[in-house]
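This is what each chain is made of:
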Amino acid sequence: MRLETDLAILTVSCQRAPEAQDLVRRSMDEVIRTNRDPHLLFNQLGIKIGFVPEEIVRGAFLALWVRTNEAFCTTLELTVRKLIQES
């Protein structure tokens, strides 16, 4: 993830005010350092940035990933559509 360019988008996608970018950055750094269970990453980050539901945080990261990997997602979509049509 390109945090320096995507932090504002990630912050508002997590339903936090743009002014909360520093909080989101610090919270991400802390969760990355202390988390030992990858299944809890989004939940822990959501708690740290103001009790944002895990689904919102996960969706924010996924939407940002899709946005920055558009070519891959388009290829994947076309492949899946083709496989569905063939079955």
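In case you missed it, the structure is sitting above this.
### With respect to the nonpolar core
Counting residues in hydrophobic clusters, the biggest one holds 13 residues, and the most contacted among them are Leu10, Met28, Ile49 and Val57. Of all the elements, helix α4 (residues 54-68) adds the most residues to this core, at 4 residues.

### A look at the packing of helix α3 (residues 41-48) against α4
It is at 8 Å that the axes of α3 and α4 come closest, and there the two elements cross at 110 degrees. Between α3 and α4, the angle falls in the class roughly perpendicular. Contacts from Phe42, Asn43, Leu45 and Gly46 in α3 reach Glu54, Val57, Arg58 and Phe61 in α4. Of the residues assigned to the contact of α3 with α4, the class counts are 4 nonpolar, 2 polar and 2 charged.

Parameters at a glance
Residues numbered from 1 in each chain as written. Predicted model: local features only at pLDDT ≥ 70, side-chain atom pairs only at ≥ 80, totals over all residues. Heavy atoms only, no water. Core = buried A, V, L, I, M, F, W, Y, C linked by side-chain atoms within 4.5 Å. Buried < 20%, exposed > 50% of the residue type's maximum accessible area, 1.4 Å probe, protein only. Helix = DSSP H or I, 4+ residues; strand = E, 2+ residues; numbered from the N terminus. Axes fitted to C-alpha atoms, helices over the stretch in contact; angles between N-to-C directions. Parallel < 35°, antiparallel > 145°, perpendicular 65-115°, else oblique. Contact = heavy atoms within 4.5 Å. Nonpolar A, V, L, I, M, F, W, Y, C, P; charged D, E, K, R; others polar.

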